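Examining the three-dimensional arrangement
Here are the chains, one letter per residue:
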Amino acid sequence: MLVGQAPGPKERDIGKPFAFTAGTRLFSWFARLGVSEEEFRRRVWMCAVIRCFPGRQPQGGDRPPAPDEIANCAPWLEEEIRIIRPLTVLAVGQPAIAKFLPEPAPLQERVGQSFRSERGEIAFDVIPLPHPSGRSTWLVRPENQERLDRALALLAASAGWRATFGPSPP
């Protein structure tokens, strides 16, 4: 299961998450693990912490979802977790990470690690990833790229990835 932040305006219109610039970067990460965008989309449930486009920021770019928007949409995400019973959740971007790891922490303390989470009787691993937005400069720093590399290695070794795509190539 992949949980993102919110649909962008174009994704909202076509009903396809991560369909544009951020998706190009995101799916390039999975391609490094030997999985194409088409294969990933076919086998992984993709959703978001909110269901609608939150709007634009006054200074440009998409506005992150507000806490009340996230709270209003929480029942849908919880129901998806109950139905899908994921082994691994990819939490993409800070709002998604915060849904599973509520103690605030910078990305540097999250990306490159795996965390255990539970929803009722459902337990799963959470692997945080930075948001793949082209506007993000987080990955420009080499140490953050190394964190992403560690996160992708954790993902390839995770129970959910192995159950979905088989063992990763050597």
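Note on numbering: residues in each chain are counted from 1, in written sequence order. Restriction of local features to residues with pLDDT of at least 70 applies here, the model being predicted, together with a cutoff of 80 or more for giving and counting side-chain atom pairs; totals for whole chains, interfaces and linings are based on all residues. To obtain the side-chain values, all non-hydrogen atoms of the structure were used and water was disregarded.

1. Here we look at helix 4 (residues 67–84)
Using the following cut-off: In this description a helix means any DSSP run of H or I spanning at least four residues, a strand means any run of E spanning at least two, and both kinds are numbered starting from the N terminus. What a helix is expected to span follows from its residue count: subtract one and scale by 1.5 Å. For a residue, the bend is simply the angle between two axes, fitted respectively to the seven-residue segment ending there and the seven-residue segment starting there. Only protein chains enter the area calculation, which uses a 1.4 Å probe; residues under 20% of their type maximum are buried, those over 50% are exposed, and those in between are partly exposed.
Look at helix 4: 25 Å from first C-alpha to last across 18 residues, which is about the 26 Å you get at 1.5 Å a residue. At Cys 73, helix 4 shows its maximal kink, close to 45°; a proline, Pro 75, follows between one and four residues later. Within the sequence span of helix 4, burial applies to Ile 70, Cys 73, Ala 74, Leu 77, Glu 80 and Ile 81. Two residues or fewer past helix 4, Arg 85 is found with a positive phi of approximately 55°.

2. Section: the pairing of strand 5 (residues 122–129)
Regular strands have side chains that alternate between both faces of the sheet. To be explicit about the condition: In short, DSSP must find at least two bridges between two strands for them to pair.
The buried fraction of strand 5 is high, at seven of eight residues. For strand 3 (residues 88–92) and strand 5, the ladder comprises five bridges, and the chain directions are parallel. Considered in strand 5, the bridge of Val 89 is made with Val 126. Across five bridges, strand 4 (residues 115–119) lies against strand 5 in antiparallel orientation. Residue pairing for strand 5: Phe 115 is matched across the bridge by Val 126.

3. Brief notes about the side chain of Ser 158
We count it as follows: Contacts were defined at the residue level, with two residues in contact if any of their heavy atoms lie within 4.5 Å.
Relative to the helices and strands, Ser 158 resides in the loop between helix 6 (142–157) and helix 7 (159–165). Residues contacting Ser 158, with those up to four places away along its chain left out, are Thr 88 and Ile 127.

4. Remarks on the packing of aromatic side chains
Going by this rule: Two rings from Phe, Tyr or Trp (for Trp, the six-membered ring) form a pair when their centres are within 6.5 Å of each other. A pair whose planes differ by under 30 degrees is stacked, one over 60 is edge-to-face, and the rest are tilted. By definition here, charges over rings are those cases where NZ of Lys or CZ of Arg is within 6 Å of the ring centre and within 35 degrees of the ring normal.
All told, the structure shown has eight aromatic pairs when counted by the stated rule. Both rings, one in Phe 40 and one in Trp 161, keep their centres 6.4 Å apart while their planes meet at 40°; by these two values the pair is tilted. Residue Phe 40 is located in helix 3 (residues 37–43), and its partner Trp 161 is located in helix 7; the two are separated by 121 residues in the primary sequence. You can call Trp 161 buried: its relative accessible area is 4%. Pairwise contacts between aromatic rings join Phe 27, Phe 30, Phe 40, Trp 161 and Phe 165 into one cluster. Note that Lys 10 overlies the ring of Phe 20, its terminal NZ or CZ placed 5.1 Å from the centroid. When the ring centre of Phe 115 is taken as reference, the NZ or CZ atom of Arg 110 above it lies at 5.5 Å.

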